[in-house]
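Results of the structural survey
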Amino acid sequence: MTPVAVALVHHPVVARDGSPMTASVTNLDLHDLARCVRTYALAALYVVHPYESQRMLAERILEHWVRGSGRERIPDRGEALETVRVVSDLDAARAHLGEGTAVWTTAARAHGAITEYAAARAALATRERPVLLCFGTGWGLSPELCERAELRLAPIRGAADYNHLSVRAACAITLDRLFG
Ligand code: SAM
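Let me sum up the structure you'll find in this document. (Residues numbered from 1 in each chain as written. Predicted model: local features only at pLDDT ≥ 70, side-chain atom pairs only at ≥ 80, totals over all residues. Heavy atoms only, no water.)

Residue Pro12 is bonded to the preceding His11 through a cis peptide linkage, with omega at 0°. Following the sequence through the fold, Pro12 ends up in the loop between strand 1 (4-9) and strand 2 (13-14). (Helix = DSSP H or I, 4+ residues; strand = E, 2+ residues; numbered from the N terminus.)

What follows is the structure in structure tokens.
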């Protein structure tokens, strides 16, 4: 099957008022998304951040859990965090994942034409080029990024009109719908 990876995007994302912002790295996001990526045997989790100080923070988290005392205490957490690559932007993630990597985005609200999960799952079964599944931080991926994406996954819809999933929950649901 074609290589599929997840990108945890800290820029470009939007703030509550819709203005562009850059979100901070959150330790729990790295742990939970890495555990999702490892569980569904995806190629990697790319932590995308333009600021070197934030990339260094992410690298310190990885150092502890992949090569340090965290690994000794909880070995399988180190195995999950081994999937993580820290990069400055989406282009770096796409270049690392492979030639012609397509960007697929996720969002609680549609920004342009959307693809339902069943169709996206079917497309993955037959495609050649790698796919980078992008999840946002802050108040979501920038609309411009979503509009440029090759595919926009349909928003996950619950049983009511409340729609404020954490990136951790949204990633788990999305991966299970595509690979579970
Ligand atoms: N730190 C915040 C948190 O985890 O609550 C980040 C919020 S951010 C808006 C959540 C991200 O999860 C979105 O950018 C999107 O990638 C994904 N997401 C959230 N709700 C979703 C939904 N209903 N359908 C699809 N993806 C969703």
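After that view of the structure, there is still more to cover.
In the structure shown here, the tally under the stated rule is zero aromatic pairs. A cation sits over an aromatic face here: Arg77 above Trp65, 5.6 Å from the ring centre. If you follow Arg177 out to its NZ or CZ, it ends over the ring of Tyr117, 5.0 Å from the centre. (Phe/Tyr/Trp six-rings, centres within 6.5 Å; stacked < 30°, edge-to-face > 60°. Lys NZ or Arg CZ within 6 Å of the ring centre and 35° of its normal.)

Bringing the sheet that holds strand 6 (residues 102-105) into the picture now. Spatially, the six strands line up as an open sheet ordered 5-4-1-7-6-8, and their pairing is parallel. Pairing within the sheet leaves two strands with one partner each, and these edge strands are strand 5 (84-87) and strand 8 (151-152). As defined by bridge partners, strand 1 adjoins strand 4 (residues 45-48) across four bridges and the pair is classed as parallel. Counterpart to Val9 in the pairing with strand 4 is Val48. Contacts from helix 2 (residues 52-67) reach strand 4 and strand 5 within the one sheet, and its direction differs from that of strand 5 by about 160°. (Pairing = 2+ DSSP bridges. Contact = heavy atoms within 4.5 Å. Axes fitted to C-alpha atoms, helices over the stretch in contact; angles between N-to-C directions.)

Don't take any of this as a statement about function, it's just geometry.
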